[in-house]
Amino acid sequence: MSVLLGLAWRLIVQQKWAFSRGLILSFIVLAMGAALLGLSGWLVTAAGAAGITGIALNIFEPSAGVRGLALGRAAGRYGERLLTHDATLRALADLRLSLMDGVARRPHEEQARLRGAEALNRMTSDVDALDGLLLRLIVPFLAGGMAQLAALLMLWWLESLPVGLSVFAIYLIGGGGGLIWVARAARHQARAAETALQAIRTRTLELLRGRADLAVSGQLQSEINRALEEVTAEARARRTLEALDRRIGAVIGLTTALAAGAALAIAGQMAASGQITPARAAIGFFVALALAESVMLLRRGMAEIGRMQEAGARVVELARTPERPIAPTQAHPVADAPLLRVRDLSFTRPGASGPVFAELNFELHRGETLFLTGPSGAGKSTALAVLAGLLPTSEGTCSVLGETLAHWPETDLRRHLTMVPQRSQLIGGSVAENLALAVPAGELLSQKAAEAALRAVSLDRVLAARGGFEARLNEGGSGLSGGQSKRLALARAALRNPDILLLDEPTEGLDAATARATLEGLRALLPEAGFVIVSHRSPDRDFADREIALTRRCPAQHRAKNTSRRKNT
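Keep in mind that this is a model prediction, so the values were computed, not measured.

Caption draft 1: Quick look at the pairing of strand β4 (residues 395–400). Judged from the 5 bridges that link them, strand β1 (residues 340–347) and β4 form a sheet pairing that is antiparallel. Directly across from Val342, in β4, lies its bridge partner Cys398. The pairing of β4 with strand β5 (residues 403–404) spans 2 bridges and is antiparallel. Paired with Ser399 across the strands is Thr404, a residue of β5. The antiparallel hairpin formed by β4 and β5 contains 2 residues in its connecting segment, where Leu401 sits at a positive phi of about 55 degrees.

Written out as structure tokens, the structure reads:
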């Protein structure tokens, strides 16, 4: 609960003036509702008494008050909704930025896992769940509490302290107890409904993306049935929540009846003894009825508090990712230094019993292509991530242009070093928009450079037949074959004109001739760049100048096998 309160305070502080005004308006709306019903009850009772006794009654001023309160309450409700909803949307927008900033600071491998549909759906749903934290929980709780206290003071002034205290105590015990009960009873079902909703979203995405494979394998109907089971589970949990909502409605209704009855009984005794008039005695009864709104506003928020707690905990965990160590403001490349110099480099995952790879040694010079080899699981992709600065080194040293890798500021490092991972991400949009991701902020994509990059990877004619730079790609860049997507990612990386290009399976999905033409085109486009290639394919191996085998350990007798092999080119 402390996490939820801390998150609520953070959201309120970001939009404190709008929330303050919204809270004041929300209180005014509740207070006007109570005053409206109380004044209306007084007017009806006074008019009835005047008719019986024949005493003249001025109904014009009370009637004007009733109309004024009704109009003021409607205007106040509009202003309160406008302010609180606008402030909530702005606060959630800031929270999304903080969340994505925290995700960006997460380790490389964890970020790769967060790209999945389930993780993205979860983050989206968590942020959406928190809009109720302010609109259905914090603001109604504060405004309702203020309205109850104001009613206590008003009834004390107009009738007596016992009337005000009885109404306040009954609502505090009955309404408060009922809300706490529904919060505890609904926690499990709210979580079940949210889990089922996430399962529906995930399974629906899997069905849409894999429907062809499922149909061919005869599993489409079974997967549809599983999705329907998730829909049934979500509906069952929602029905349980609706039943709980009806029960808390009954509890609040009973609480309202008790509060109104107590106010009427106490004020009626006072009216019978002549301490107050019957019309004034009716005020407490009708105010007690109106105060039900202050409790009703919390029904939905208390029912969803379990969902909010879990969502808030996950959001806070991601948003509080520690800052990465700040590199010096400027790196100083050393003239004539190797592009990459690696000495006894090792990487071990936290908690692992042994290194992923160990004692990697090499130097990469301008115009040179290095091939990292090893069996599946030897850590080749991990090694590229370490060389790219995406994962921290466990042991050993790595320098870029003579400067220690860790000393490079992120922006400067990416100008000199670019990596194309095995699963490169394209975006939905035009080919030009995908290529423009390589251009530094504030600069425009050069069509001449883009054409040269596409020509280098033998993709210019393919895309020209589809509409050229304006050819549209679908979500995730779908619409191209696997090999075409890989070559578009290579062209985008080449547009950065890096000194060092790290390539993970660069020719996957290409035939041998196209693979060779693609690598030769990249080399012609970037003659001075150093390439480090990870691959299982012979065209990539044959293209390299040197080959180094990765190993998990390097004893003296094995180190000789880990030496460089230079080709005659």
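Now, onward.
Caption draft 2: Highlighting the UniProt feature "transmembrane region" (unreviewed entry) in the chain. The positions that UniProt labels "transmembrane region" (unreviewed entry) are, in the present scheme, residues 18–36, 42–60, 133–157, 163–183, 248–267 and 279–298. Across residues 42–60, helical content stands at 68% and strand content at 0%; the span's end C-alpha atoms are separated by 13 Å.

Caption draft 3: Focus on the domain arrangement of the chain. Per the domain assignment, the segments of the chain are domain 1 (2–186 + 243–319) and domain 2 (340–559). Centre-to-centre, using C-alpha coordinates, domain 1 lies 57 Å away from domain 2.

Caption draft 4: Structural view of the packing of aromatic side chains. By the definition in use, this model includes 1 aromatic pair. An angle of 85 degrees between the planes, with centres 5.1 Å apart, marks the rings of Phe285 and Phe286 as edge-to-face. Exposure remark for Phe285: the relative accessible area of 25% places this residue in the partly exposed category. Over the aromatic face of Phe531 sits the side chain of Arg523, whose NZ or CZ is 4.0 Å from the ring centroid.

Caption draft 5: Just a nonpolar patch on the surface, in detail. Side chains of Leu153, Trp156, Leu161 and Leu165 sit close together on the surface and give an oily, nonpolar patch of about 380 Å² of accessible area. If you list the elements that add at least two residues to the nonpolar patch, you get α6 (131–158) and α7 (161–217). Using a relative accessible area of 42% as the deciding quantity, one classes Leu165 as partly exposed.

Caption draft 6: Seen up close, the packing of helix α18 (residues 482–494) against helix α19 (residues 512–525). Where α18 contacts α19, the axes come no closer than 11 Å and their chain directions differ by 10 degrees. Relative to α19, α18 is oriented roughly parallel. Taken together, the residues of α19 that come into contact with α18 (itself represented by Arg487, Leu490 and Ala494) are Thr514, Thr518, Leu522 and Leu525. Each residue belonging to the contact of α18 with α19 can be placed in one class, and the counts come to 4 nonpolar, 2 polar and 1 charged.

Caption draft 7: Region of interest: the pattern of salt bridges. With the rule as written, the count across this model stands at 22 salt bridges. The salt bridge involving Arg299 is made with Asp245; its shortest N-O contact spans 2.6 Å. Here the residue Arg299 occupies a position in helix α11 (residues 299–303), and Asp245 occupies one in helix α8 (residues 220–272), the gap between them amounting to 54 residues. The exposure class assigned to Asp245 is partly exposed, which follows from its relative accessible area of 28%. Note that Asp499 is salt-bridged to Arg366, the shortest N-O span being 3.2 Å. Placement of the pair is Asp499 in the loop between α18 and β9 (500–504) and Arg366 in the loop between β2 (357–364) and β3 (369–373), with a sequence separation of 133 residues. Under the relative-accessibility criterion, Asp499 is labelled buried at 17%. Given a relative accessible area of 45%, Arg366 falls into the partly exposed group. Put simply, Arg73, Arg77, Glu80, Arg81 and Glu293 are held in one network by salt bridges that share partners.

Parameters and conventions
Residue indices begin from 1 for each chain and proceed along its sequence in written order. Confidence filtering applies because this is a predicted model: local features only for residues at pLDDT of at least 70, side-chain atom pairs given and counted only at 80 or more, and all residues used for totals across whole chains, interfaces and linings. Calculation of side-chain values draws on the structure's entire complement of heavy atoms; hydrogens and water are dropped beforehand. The rule for pairing is simple: two strands pair if DSSP sees at least two bridges between them. Strands here mean DSSP runs of E at least two residues long; helices mean DSSP runs of H or I at least four residues long; both are numbered from the N terminus. UniProt positions are given in the numbering used here, feature names are shortened, and annotations may be inferred rather than shown by experiment. An automatic or database domain assignment supplies the start and end points of every domain. Any two of the Phe, Tyr and Trp rings considered here, Trp counted by its six-membered ring, make a pair once their centres fall within 6.5 Å; the pair's planes then place it as stacked at under 30 degrees, edge-to-face at over 60, or tilted in between. For the exposure calls, accessible area comes from a 1.4 Å probe over protein chains only, and a residue counts as buried if that area is under 20% of its type's maximum, exposed if over 50%, partly exposed in between. For a lysine, the NZ atom is tested; for an arginine, the CZ atom; a charge sits over a ring if that atom is within 6 Å of the ring centre and within 35 degrees of the ring normal. Each patch is assembled from residues with relative accessible area greater than 30% and no salt bridge, linking like charges that lie within 9 Å and nonpolar side chains (Val, Leu, Ile, Met, Phe, Trp, Tyr) that lie within 5 Å. The Shrake-Rupley method, run with a 1.4 Å probe sphere, supplies the accessible areas, and residue values consider only the shown protein chains as cover. Within this document, salt bridges are pairs made up of a side-chain nitrogen of Lys or Arg and a carboxyl oxygen of Asp or Glu, the two lying within 4 Å of each other. Think of each axis as a best-fit line through the C-alpha atoms, taken over the contacting stretch in the case of a helix, with angles from 0 to 180 degrees between the N-to-C directions. Under this scheme an angle from 65 to 115 degrees is roughly perpendicular, one under 35 degrees roughly parallel, and one over 145 degrees roughly antiparallel; angles in between are oblique. Residues are treated as being in contact if the distance between any of their heavy atoms lies within 4.5 Å. The classification used treats Ala, Val, Leu, Ile, Met, Phe, Trp, Tyr, Cys and Pro as nonpolar, Asp, Glu, Lys and Arg as charged, and all other residues, Gly among them, as polar.

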